[in-house]
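Reading the structure
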Amino acid sequence: MNPFTLFIIGILQAILLLLLAPLYSGFARVMRAKIHSRTGPPLMQNYRDIRKLMTRQEVVSEQAGWIFRVTPYVNLACMFLAAMVIPALTTASPLEAAGDLILIVYLFALPRFFLAVAGLESGSSLAGIGARRELLVSALAEPILLLVIFVMALLTKTTNLGRISAEVATGVFPFSLAYLLGLAAFAFAAYIEMGKLPFDLGEAEQELQEGPLAEYSGRSLAILKWSVYLKQLVLVALFMALFIPFGAMTELSIVAFILALIVFPLKAALWYFIAAIFENAMARTRFMNAPAVVWMALGMALLSFVFYLANV
């Protein structure tokens, strides 16, 4: 596939992920409600909330500076760019020259930094607590993600996302114990980043889970919520690209494109379904006790690296 075609596919898949992200988040909420034997919100409720917030007046704190104002746009732009770079519909990275794992790490880190600073800058104690929680989640999940990404780069001898995805999809990649442990650790870290129990409280969105968003309103809040939904789906897409790229296009054709458009949403729906089942099997715990659970995922990531060194 030539670079221009890949670029067009990248834009199309980023728009697709942007449009589907609120739907999958709504699906997770419906699943949680059904498991709790509650009626729950409608599947399309997130779209209605975003549309409603877009029309509402925006109120900004007097203490808020430029970081607070640009954070919603930085978050959405970074996640949209990540959605373009990750090979979700094709095994080649749509932005071949820039599509490596290091860029993805920065695209996830930059929004978190802006969101944390914006929460502290707003002058709200609640937003400040939320910002500290964001940084704690980052400290828990990012070392695991980075270590697994490092192991995958060592196994494939490249940091290019497209090449890693193509090697796994075509069977060139050796399915070793290091790979399987990396898969499990990355899935666990992605689960943490998606804000599920016991690491976060799904029903306490404004007060705890989305604490840094507490001072936002109107259009800015709508954009931030949309970027949070998109981040969750981008994480799922990254997991699929690294470990389960099957169904993605290996060459350009109408049939392969349609198949990729069908397979990727199904794989993402299966991820959200399993995550909802796993989340509802977990007991709530104090947020500060969550690191004790994370040691298991960190241990798997470390074992993955050790098994790579031992060539197992």
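We now turn to the structure provided with this report. Everything numeric in this text was worked out from a predicted model, so none of it was measured.

**Quick look at the pattern of salt bridges**
When the charged atoms of two side chains with opposite charge come close together, those side chains can pair. A complete count under the given rule lists one salt bridge for this structure. Between Arg 112 and Glu 142 there is a salt bridge, and its shortest N-O distance comes to 3.4 Å. Of the two residues, Arg 112 sits in helix α4 (residues 101-121) while Glu 142 sits in helix α5 (residues 125-156), which places them 30 residues apart along the sequence. Using a relative accessible area of 6% as the deciding quantity, one classes Arg 112 as buried. Looking at Glu 142, the relative accessible area reads 22%, which means it is partly exposed.

**Quick word on unusual backbone geometry**
Even without being a glycine, Lys 157 presents a positive backbone phi close to 60 degrees. Its location among the elements puts Lys 157 in the loop between α5 and α6 (161-170).

**Side note on helix α10 (residues 254-280)**
The end-to-end C-alpha distance of α10, which contains 27 residues, comes to 40 Å, matching closely the 39 Å that a straight helix rising 1.5 Å per residue would cover. Listed as buried for α10 are Ala 256, Ala 260, Phe 264, Pro 265, Lys 267, Ala 268, Trp 271, Tyr 272, Ala 275, Ala 276 and Glu 279. The inward-facing, buried residues of α10 contact α1 (3-35), α7 (177-193) and α9 (218-243).

**Things to note about the packing of aromatic side chains**
Taken as a whole, this structure holds 10 aromatic pairs when the rule is applied. Taking the centre distance of 5.7 Å and the plane angle of 45 degrees together, the rings of Tyr 179 and Phe 243 count as tilted. Pair noted here: Tyr 179 is in helix α7 and Phe 243 is in helix α9, with a separation of 64 residues, a long-range link. Overall, Phe 243 belongs to the buried group, its relative accessible area being 1%. Between Phe 239 and Trp 271, the aromatic rings sit 5.1 Å apart at their centres with planes inclined by 50 degrees, giving tilted as the arrangement. Placement of the pair is Phe 239 in helix α9 and Trp 271 in helix α10, with a sequence separation of 32 residues. Both residues of the pair, Phe 239 and Trp 271, count as buried. Members of the aromatic cluster, each reached through a chain of ring pairs, are Tyr 179, Phe 186, Phe 239, Phe 243 and Trp 271.

**Some thoughts on the nonpolar core**
Ranked by internal contacts, the top residues of the largest apolar core, which has 89 residues, are Phe 186 and Trp 271. In terms of residues, this core owes the most to one element, α9, which gives 17 residues. The residues touching Trp 271, leaving out its near neighbours within four places in the chain, are Ala 187, Ala 190, Tyr 191, Met 194, Val 236, Phe 239 and Met 240.

Procedures and definitions
Residues numbered from 1 in each chain as written. Predicted model: local features only at pLDDT ≥ 70, side-chain atom pairs only at ≥ 80, totals over all residues. Heavy atoms only, no water. Salt bridge = Lys/Arg side-chain N within 4 Å of Asp/Glu carboxyl O. Helix = DSSP H or I, 4+ residues; strand = E, 2+ residues; numbered from the N terminus. Buried < 20%, exposed > 50% of the residue type's maximum accessible area, 1.4 Å probe, protein only. Expected span 1.5 Å × (residues − 1). Contact = heavy atoms within 4.5 Å. Phe/Tyr/Trp six-rings, centres within 6.5 Å; stacked < 30°, edge-to-face > 60°. Core = buried A, V, L, I, M, F, W, Y, C linked by side-chain atoms within 4.5 Å.

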